[in-house]
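Here is how the chains run, residue by residue.
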Amino acid sequence: MAGKPFHLAWFLQGSSIAGWGDPFAGNIARDWMSAGAFLDLARAMERACFDYVLIEDSIYVGENWKNSREIFLANGMCAPRQEPSVVATLMAAATTRLGIVPTLSTFAYHPYLTSRIVGSLDQISGGRGGWNMVTGSSDLSAMNFGMDALPEHDARYLMAEEYIQICKGLWGSWEPGAIVADRDSGLLIDHTKVHTIDFKGEYYASRGPLNSGPLPQGRPVIAQAGGSKMGKAFAARHADTIVAAPRGVAAMKKYRDDIRAEMMAAGRDPDDCKVLFLLQPIVTETKAEAAEKIAMRREFSEKNIDRMLARFGWSTNLDLSDCDLDAPIGELTTNGHQSSLAQFLDNSKGKTLRQAIVDHTTKGYCVDVVGTPDTCAGMMAEIMEEIGGDGFLIEQPNVHRKAIASITDGLVPELMHRGLTRKAYAHEQLRDNLLDF
Ligand SMILES: Cc1cc2nc3c(=O)[nH]c(=O)nc-3n(C[C@H](O)[C@H](O)[C@H](O)COP(=O)(O)O)c2cc1C
């Protein structure tokens, strides 16, 4: 490949039925719950040689607008969401090289269960299993599991540290060579190589060993998205890949530099973790069509301020329905995604809430990449050159087959042609492909 290539992954926000009204959305309002769309997506990602697909999760129906579920359900916003490990299993069966990375929230699954689910995924996929480790952000999700609220933000990371120690212990509870399968002696498994972990922490405990057996990758690929100080430090200690959404090239570069410095401080080689930046490319056949889409996106935001604010409130655990739209934004704090809120407030100085949310929702996540495949590929190359690596986590706000094809069959062939992304997988396992360049 010419120059330094970069990695690609796909961010799948559940069934993403919200796009059901788009032209060319097919019949997703009717057939979203069946496997077809997921399988087509996985195959398209593999055709485009993506490293992995990350299956987002949130385990609640939003109510962060006028204390009601109405706006969320009426518009299919962030709901329905199916169990990611089930979807992951189907995607694994439909592919042979693509990495499959479901999100499992630490407050919702016991570490033994997570280790077993993700371990099994790694086995059935032949070493392509990953886990997006999130600590959750909404008290509504906590209530679904019998809690009144999530633990406080920083405490969640302290708990996560124990959690990951258990997972790593369980994945290591089978020594290499434990499975003997010797026909002559009749010995299948050497019991002296399978151990308990006897972990008793402040928050979690587990005895082990993991009864589902060893993993092809030893342990699955860990994805993380910490944005706060504690979150970043945690990710730098444990992640094989980090997904992030800082706004603007300077902030992206700083984020990656910070992570690399934290990794070195933690005694890790910074090249062992690939930082991928969230991007929503608008890829069109002509320049004029791109301009039209940008104008339509702004008009949609301006006409649907309530939906924009509800969606923002959903991710930041805030209900902004009482705020005056035409007054400057007052002080806001959250026990949810702190970095998302901090970034929003930072970019909203001197603006009214209305102006701030329109600006926020009419810009792509990290940077705007808009235009023909040629234009978009050129922009992506420049951004990566400026930042130094490691790639992009691609998303389309409304997922349907046409939106997916605009990336996998429009943009990616141009990236491949320029030698910016891989044309074929070099390895069978996910971590090996991530570490390939
Ligand atoms: C690209 C990306 C994907 C994320 N996916 C999820 C997810 O699926 N579920 C979830 O609860 N949080 C998700 N998060 C939120 C992060 O886990 C994290 O809480 C957030 O980035 C704020 O960081 P902090 O917890 O350090 O404040 C995601 C964040 C980013 C940037």
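Residues numbered from 1 in each chain as written. Predicted model: local features only at pLDDT ≥ 70, side-chain atom pairs only at ≥ 80, totals over all residues. Heavy atoms only, no water.

A. How the structure looks around the side chain of R128. Mapped onto the elements, R128 comes out in the loop between α5 (111-124) and β4 (130-134). No salt bridge forms around the buried R128; measuring N to O, its nearest opposite-charge neighbour E46 is 4.4 Å away. Among the polar contacts listed, one links the side chain of R128 to the backbone oxygen of T96, at a separation of 3.3 Å. Side-chain polar atoms of R128 contact the backbone oxygen of L98, separated by 2.7 Å. (Helix = DSSP H or I, 4+ residues; strand = E, 2+ residues; numbered from the N terminus. Buried < 20%, exposed > 50% of the residue type's maximum accessible area, 1.4 Å probe, protein only. Lys, Arg positive; Asp, Glu negative; His and termini not counted. Salt bridge = Lys/Arg side-chain N within 4 Å of Asp/Glu carboxyl O. Polar contact = N/O pair within 3.5 Å; in protein donor to acceptor, adjacent residues only side chain to side chain.)

B. Examining the site of the ligand more closely. Near the ligand, the surroundings consist of 19 residues, among which D57, H153, Y157, A225 and S228 are the closest. Interatomic distance of 2.8 Å between a backbone N/O atom of D57 and a nitrogen atom of the ligand. Between an oxygen atom of the ligand and a side-chain N or O atom of S228, the distance comes to 2.5 Å. Compared with its free state, where it exposes 610 Å², the ligand has 91% of that area covered by protein. Of all the secondary-structure elements, those providing two or more residues to the shell around the ligand are β4, α7 (153-171) and α12 (338-346). (Near = heavy atom within 4 Å. Areas by Shrake-Rupley, 256 points an atom, 1.4 Å probe, with all protein chains shown as cover.)

C. Region of interest: a nonpolar patch on the surface. A cluster of nonpolar residues, I179, L188 and I189, forms a patch on the protein surface that exposes about 260 Å² of accessible area. For I179, the location among the structural elements is in strand β5 (residues 179-182). Its relative accessible area of 46% is what places I179 among the partly exposed residues. (Patch = residues over 30% accessible without salt bridge, like charges linked within 9 Å, V, L, I, M, F, W, Y side chains within 5 Å.)

D. Examining helix α14 (residues 373-387) more closely. Look at α14: 21 Å from first C-alpha to last across 15 residues, which is about the 21 Å you get at 1.5 Å a residue. Positive backbone phi, at 105 degrees, marks G388, one or two positions downstream of α14. (Expected span 1.5 Å × (residues − 1).)

E. Expanded view of the sheet that holds strand β14 (residues 391-394). Read around the barrel, 8 strands follow the order β1-β2-β3-β4-β9-β10-β11-β14 and close on themselves; strand pairing throughout is parallel. The average undirected angle you get between the axes of adjacent strands in this sheet is 25 degrees. Here strand β10 (residues 241-244) runs beside strand β11 (residues 274-279); their pairing, made up of 4 bridges, is parallel. Bridging from a neighbouring strand, A244 pairs with F277 of β11. Across the sheet, α5 is in contact with β3 (99-105) and β4; its angle to β3 comes to roughly 170 degrees. (Pairing = 2+ DSSP bridges. Axes fitted to C-alpha atoms, helices over the stretch in contact; angles between N-to-C directions. Contact = heavy atoms within 4.5 Å.)

F. Local environment of the domain arrangement of the chain. With domains assigned, the chain is organised as domain 1 (7-285 + 368-434) and domain 2 (287-361). Taken together, the contacts link 35 residues of domain 1 with 27 residues of domain 2. Between domain 1 and domain 2, roughly 2600 Å² of surface is buried when both sides are summed, and carbon and sulfur atoms account for 52% of that area. Among the residues of domain 1 in contact with domain 2, N64, W65 and R247 are the three that bury the most area, contributing 25% of the side total. At the junction of domain 1 with domain 2, the criterion picks out 1 salt bridge. A salt bridge links R297 to D368; its shortest N-O distance comes to 3.2 Å. Linking domain 1 with domain 2 are 11 residue pairs in polar contact (both at pLDDT 80 or more). Looking at the side of domain 1 that touches domain 2, the elements that each hand over two or more residues are α3 (70-74), α7 and β13 (370-371). For the side of domain 1 that touches domain 2, the per-class residue count stands at 12 nonpolar, 14 polar and 9 charged. (Domains from an automatic or database assignment. Buried area = accessible area lost by both parts, 1.4 Å probe. Nonpolar A, V, L, I, M, F, W, Y, C, P; charged D, E, K, R; others polar.)

G. Region of the structure containing the packing of aromatic side chains. Using the criterion set out here, one finds 10 aromatic pairs in the structure. Seen from their ring centres, F6 and F392 are 5.4 Å apart, and the 90 degrees between their planes marks the pair as edge-to-face. With F6 in the segment before β1 (7-12) and F392 in strand β14, this pair connects stretches of sequence that are 386 residues apart. No difference in accessibility class separates F6 from F392, as the two residues are buried. On the numbers, 4.3 Å between centres and 40 degrees between planes, the contact of F312 with F344 is tilted. (Phe/Tyr/Trp six-rings, centres within 6.5 Å; stacked < 30°, edge-to-face > 60°.)

H. Structural detail: the UniProt feature "binding site: FMN" (unreviewed entry) in the chain. Summarizing the sequence annotation, UniProt attributes the feature "binding site: FMN" (unreviewed entry) to D57, T103, H153, Y157 and S228 in the numbering used throughout. With respect to the helices and strands, the residue D57 is situated in the loop between β2 (52-55) and α3. A residue is classified by how much of its surface remains accessible, and D57, at 13% relative accessible area, is buried. Setting aside residues up to four positions removed in sequence, D57 forms contacts with R81, Q82, P84, T103 and Y109. Its location among the elements puts S228 in the loop between β9 (221-224) and α8 (229-238). The exposure class of S228 is buried, given its relative accessible area of 13%. If we skip the residues at most four places from it in the chain, S228 touches H153, Y157 and S339. (UniProt positions renumbered as here; feature names shortened; annotations may be inferred.)

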